[in-house]
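# Descriptive structure summary
If you want the building blocks of each chain, they are given just below.
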Amino acid sequence: MAVLVTGGAGYIGSHMVLALLDAGHEEIVVLDDLSTGFDWALPPEVKLVVGDIADQALVTETILQHRIDALAHFAAKIVVPDSVADPLGYYLANTAKTRSLIETAVRTGVKHVIFSSTAAVYGEPETVPVPEDLTTSPINPYGRSKLMSEWMIQDAAKAHGFSYVILRYFNVAGADPRGRTGQSTPNATHLIKVATQTALGQRSHIDVFGTDYPTPDGSCLRDYIQVSDLAEAHRVALTHLRSGGESLTLNCGYGRGYSVLEVIEVVKRISGRDFEVRLCPRRAGDPAQIIAGADRIRQRLGWVPKHDDLDAIVGQALAWEDSLSRRNRV
Ligand SMILES: NC(=O)c1ccc[n+]([C@@H]2O[C@H](COP(=O)([O-])OP(=O)(O)OC[C@H]3O[C@@H](n4cnc5c(N)ncnc54)[C@H](O)[C@@H]3O)[C@@H](O)[C@H]2O)c1
Ligand SMILES: O=c1ccn([C@@H]2O[C@H](COP(=O)(O)OP(=O)(O)O[C@H]3O[C@H](CO)[C@H](O)[C@H](O)[C@H]3O)[C@@H](O)[C@H]2O)c(=O)[nH]1
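Residues numbered from 1 in each chain as written. Chains lettered and ligands numbered in written order. Predicted model: local features only at pLDDT ≥ 70, side-chain atom pairs only at ≥ 80, totals over all residues. Heavy atoms only, no water.

The protein chain goes by UDP-glucose 4-epimerase in an unreviewed UniProt entry, where it is assigned to Methylobacterium durans. Turning to the protein chain, the UniProt record has this under Pathway (unreviewed entry): "Carbohydrate metabolism; galactose metabolism." The Catalytic activity (unreviewed entry) field of the UniProt record for the protein chain holds the comment "UDP-alpha-D-glucose = UDP-alpha-D-galactose". (UniProt positions renumbered as here; feature names shortened; annotations may be inferred.)

Below you can see the structure in the form of structure tokens.
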């Protein structure tokens, strides 16, 4: 039995690869076009196939050659404001290409699918925390592109008899505590990445997008989940499916929110560096607050997070950013 990890050279996918290897998994194959991922993010024992998830001949050959029984599908475009500017690009990359990949998986007899979905499918929830059975109502093309993929996977699973776990990630942050991989995309837009780069002097300042939201300090609230905890959720989801477990849709978060201003204060305190913070207008496509209803994944998969600590998450992000800048200077 072997797992095909699409997007495995990216930020979250590379952490799942490590989680599987650390747990003694034998065969892992990564399919990645390296558009935002890096071959060096993978340990040498992992087979990397460089290509596109919509290349059906390549995907078929890879699945049959390695006797793939399970697919973990991370490959996607992921930036909310970019999706507002380029919706058709996002529907192609995230929805049309996922349709193609799932079709290939069905034709080649893949039995299990784990899909990277997002809290963005909920849109602007009126109350938080958000349970999984809340009506989905995405407010940006990124969230819609992912919700359509969820529906395709659910419908195809019913029609063709594979099982799935859809994981709706909240805000993913931090890095491998052993420093083996982290968020490496240049020009990344995620808050903790931008704040740590600013603390390290790689950016002159940080913008806070919106201070007039209906939240305690006026900035947006998010539920930041540490990336190795999230990778572990994928590992237990895979075990669940391979043991005959039922298909599930699960939130991945801790059930608690931090504001943008609070996160910036933590980055200043942990780094010991002060930096300029500019209060700016709202950014397109941002919900005011999004916090996970976080019980179901614990009950159904027995997932136990080990890194629910914002100080530690920020510390890992700072350490990774520092090692990345040294790597890039070499
Ligand atoms: N980072 C977050 O906060 C977050 C939150 C919710 C959901 N997600 C989802 O998690 C998944 C992984 O996100 P990430 O943060 O690791 O992003 P990332 O950009 O680091 O990883 C995506 C990987 O997919 C590869 N890829 C993209 N398009 C491809 C294609 N057509 N064929 C083959 N490979 C392709 C990229 O090269 C990259 O390695 C995405 O599906 C994203 O929507 C991320
Ligand atoms: O320089 C910055 C960067 C971000 N923010 C703010 O920080 C919050 C978090 O923004 P991120 O860009 O870090 O993350 P998003 O909440 O926009 O989106 C992330 O989490 C979502 C789920 O909540 C989706 O899954 C999506 O893929 C993922 O990028 C937002 O209020 C944003 O406006 C700033 O103020 N300044």
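T118, H190, D207, R222 and D286 are the nearest of the 21 residues found near ligand 2. The contact in question runs from an oxygen atom of ligand 2 to an N or O atom on the side chain of Y142, over 2.9 Å. One nitrogen or oxygen atom from the main chain of D207 is found 2.7 Å from a nitrogen atom belonging to ligand 2. Burial of ligand 2 by the surrounding chains reaches 92%, relative to a free accessible area of 680 Å². Element by element, the count of residues in the shell around ligand 2 is highest for strand β8 (residues 205–209), at four residues. By residue class, the composition of the shell around ligand 2 is 13 nonpolar, four polar and four charged. Residue assignment places the shell around ligand 2 across two domains, with domain 1 (2–173 + 224–252) and domain 2 (191–222 + 255–329) each supplying three or more. (Near = heavy atom within 4 Å. Polar contact = N/O pair within 3.5 Å; in protein donor to acceptor, adjacent residues only side chain to side chain. Areas by Shrake-Rupley, 256 points an atom, 1.4 Å probe, with all protein chains shown as cover. Helix = DSSP H or I, 4+ residues; strand = E, 2+ residues; numbered from the N terminus. Nonpolar A, V, L, I, M, F, W, Y, C, P; charged D, E, K, R; others polar. Domains from an automatic or database assignment.)

Neighbouring ligand 1 are 28 residues, the closest being D32, T36, F74, Y142 and K146. G10 places a main-chain nitrogen or oxygen 3.1 Å from an oxygen atom of ligand 1. A distance of 2.7 Å separates an oxygen atom of ligand 1 from a polar atom in the side chain of T36. Burial of ligand 1 by the protein chains amounts to 95% of its free accessible area of 830 Å². With three residues, the top contributor of residues to the shell around ligand 1 is strand β5 (residues 112–118). For the shell around ligand 1, the class distribution of residues is 13 nonpolar, 10 polar and five charged.

Taken as a whole, this structure holds three aromatic pairs when the rule is applied. Taking 6.4 Å as the distance between ring centres and 35 degrees as the angle between the ring planes, the aromatic pair formed by W40 and W320 counts as tilted. Note that W40 is positioned in the loop between β2 (27–32) and β3 (47–50) and W320 in helix α10 (residues 310–329), a separation of 280 residues in sequence. Relative to F170, the ring of Y122 lies with its centre 6.3 Å away and its plane at 35 degrees, an arrangement referred to as tilted. Pair noted here: Y122 is in the loop between β5 and α5 (141–160) and F170 is in the loop between β6 (163–169) and β7 (171–173), with a separation of 48 residues, a long-range link. Of the two residues examined, Y122 and F170, each falls in the buried class. Aromatic ring contacts, followed pair by pair, group F38, W40 and W320 into a single cluster. Note that R282 overlies the ring of Y213, its terminal NZ or CZ placed 4.0 Å from the centroid. (Phe/Tyr/Trp six-rings, centres within 6.5 Å; stacked < 30°, edge-to-face > 60°. Buried < 20%, exposed > 50% of the residue type's maximum accessible area, 1.4 Å probe, protein only. Lys NZ or Arg CZ within 6 Å of the ring centre and 35° of its normal.)

For the protein chain, the assigned domains read domain 1 (2–173 + 224–252) and domain 2 (191–222 + 255–329). Spacing between the C-alpha centres of domain 1 and domain 2 amounts to 23 Å. With 36 residues of domain 1 in contact, the opposing surface of domain 2 contributes 30 residues. When residues of domain 1 are sorted by the area they lose upon contact with domain 2, W40, Y224 and D229 head the list and together hold 25% of the total. If you look at where domain 1 meets domain 2, you find three salt bridges. Across the pair R296 and E132 runs a salt bridge whose closest N-O atoms are separated by 3.7 Å. The interface formed by domain 1 and domain 2 includes 11 residue pairs in polar contact (both at pLDDT 80 or more). (Contact = heavy atoms within 4.5 Å. Buried area = accessible area lost by both parts, 1.4 Å probe. Salt bridge = Lys/Arg side-chain N within 4 Å of Asp/Glu carboxyl O.)

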